[in-house]
Amino acid sequence: MTEPCDLSAVQARQLIGTRKLSPVELLESCLRRIGAVNHAVNAMVAMDEERARAAAQAAEEAVMRGDKLGPLHGLPLGIKDLDSTAGLVTTFGSPLFRDNVPKHDDHMVADLRAAGGIVLGKTNTPEFGAGANTRNAVYGATGNPFDPTRSAAGSSGGSGVALATGMVPLASGSDTGGSLRNPAAFNGIVGFRPSPGLVPNGRRALGWSALSVLGPMARDVGDLALMLSAIAGDDGVDPLAYTLPDVDVRRGMAWHEAVDLSSIRVAATVDFGFAPTERHIREVFASRLAALTPLFASVEQRHPDCSGTDEAFAVLRAVSFLAGFDEKVRKDPNCVGPNVRANVEEGWGYSAADVARASVLQTQIYRRWQQFFASGVDVIVSPAMTISPRPWSELYPTEIDGVATKSYFHWLANAYAVTVTGHPAISLPLGLDKAGMPFGFQIVGPRGGDALVVAVAAAIEAAVAGDATLARPVPDLAKLRDAGPISEMPGFLSFD
């Protein structure tokens, strides 16, 4: 019999609404799963069991009274430890905030609660979200559920692992250089980077910067669309989250409408012309593309002109770190880990002229992308990641196929190529790679094409359902139950 925690969020919500599943029963199932496997992967790091149980009981009583129920009513949530949660410790993965208990929820968390979601706990993240390897000096490393010695990616790694193992049906994430898409790819779940402003973000220090966005993570596209419907909106907390006229057209929008894949024109690229993608991933992507090609109207091997993307992203990313951490690092360089420190120190070396050049480059790249889509392209597809998961003991890949990477984030180029332009993108799991680890297939839409991206992903997901090679892979939970604690592995509790 299926455990309640293994139900999709859509299924669980339907059963709750028809009084066939108790929110209390669902919550207790999630807690049992966390108790059974979290020791092996360290995905959930701060629990709010007492308040979650009270909320689940209240949710059950609301169902029995016949109250109007929100779209997420009674669904347990994992909240990334970069999102502030009222009354629940929020560390940002930093010892500086080890004892930080916020008085207020971040805007997205408040929206999730208002939609009926129940915050069960926090999911692990690298320090301040810096780096695509989820480890920190507060809670330690998070292991991949398919092999706990390997990286879960990041920075939403805890959320990705919690979803893959059935600890929660939905989890929050955020994305700058791929922090939603990276862990989705490594852990075999779905992660969506929406257009900037679609999900109001009140925590960006640089409110007008479009690099960092908030977004949903789930086990399948239907669940992701359900969560997105609860957090997309127009709110003054985010200067990018506006609509004209003053009407919130995003709130409650349907994100799961069908699309006919036979009408979709695809541009396929393994590396956007510059990402250091390993040979193994190139081969797996080629096999996935060959399997999917008959579904589409056309598939052409081409990509937009991404010249200058590395430079633009490096400078603008460093500026965002200066905005958040300049003062801290100047006072005490050792108060943060190597990734944060490296970004801040890099930022110190840039001039206003460098920032202006990076901004001009970003605009030029954006306009080239618009021309590319206008040339007869509906979506771009690529590998979500440039490598197969490596051991989490490696802070970041210093080489790919024997060639040195330029920085600790250079290996994320397939993701940040999209970040720079502000286009929406999703990572969809398509089976396992040759190393037996999940493979993520990235789908990128045109400017503002969030609904199209979600619809295309849903259609592909439906088309490959039942295909053992292409369907979403599931980790061996029995093996995780029997595994030793990840906390006993060397280097578990450290920055690097």
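Residues numbered from 1 in each chain as written. Predicted model: local features only at pLDDT ≥ 70, side-chain atom pairs only at ≥ 80, totals over all residues. Heavy atoms only, no water.

## Some thoughts on the packing of helix H2 (residues 23-41) against helix H3 (residues 49-65)
In contact at an axis separation of 7 Å, H2 and H3 are set at 155 degrees when each is read in the N-to-C sense. Considered as vectors, H2 and H3 are oriented roughly antiparallel to each other. Packed against H2, whose contacting residues are Pro23, Val24, Leu27, Glu28 and Leu31, the element H3 presents Glu49, Ala52, Arg53, Ala56, Gln57, Ala59 and Glu60 at the interface. Of the residues that constitute the contact of H2 with H3, the class distribution is seven nonpolar, one polar and four charged. (Axes fitted to C-alpha atoms, helices over the stretch in contact; angles between N-to-C directions. Helix = DSSP H or I, 4+ residues; strand = E, 2+ residues; numbered from the N terminus. Parallel < 35°, antiparallel > 145°, perpendicular 65-115°, else oblique. Contact = heavy atoms within 4.5 Å. Nonpolar A, V, L, I, M, F, W, Y, C, P; charged D, E, K, R; others polar.)

## Section: the UniProt feature "domain: Amidase" (unreviewed entry) in the protein
UniProt records the feature "domain: Amidase" (unreviewed entry) for residues 25-453 in the present numbering. Between the C-alpha atoms that bound residues 25-453 the distance is 34 Å, and the span itself is 35% helix and 17% strand. (UniProt positions renumbered as here; feature names shortened; annotations may be inferred.)

## What about the packing of helix H7 (residues 221-231) against helix H13 (residues 450-464)?
Their axes nearest at 9 Å, the elements H7 and H13 cross at an angle of 155 degrees. As judged from the angle between their axes, H7 and H13 are roughly antiparallel. Facing H7, whose interface residues are Val221, Gly222, Leu224 and Ala225, H13 presents Val454, Ala457, Ala458 and Glu461. Across the contact of H7 with H13, the residue classes tally to six nonpolar, one polar and one charged.

## Structural notes on the sheet that holds strand S1 (residues 44-47)
One open sheet holds the 11 strands; their spatial order is S1-S3-S2-S8-S10-S9-S16-S17-S13-S11-S12, and the pairing between them is mixed. Only two strands of the sheet have a single neighbouring strand rather than two, namely S1 and strand S12 (298-301). Neighbour-to-neighbour, the strand axes of this sheet turn through a mean angle of 30 degrees, independent of strand direction. Relative to strand S3 (residues 118-123), strand S2 (residues 76-80) runs parallel, the two sharing five bridges. When the sheet's bridge partners are listed, Ile79 is paired in S3 with Lys122. (Pairing = 2+ DSSP bridges.)

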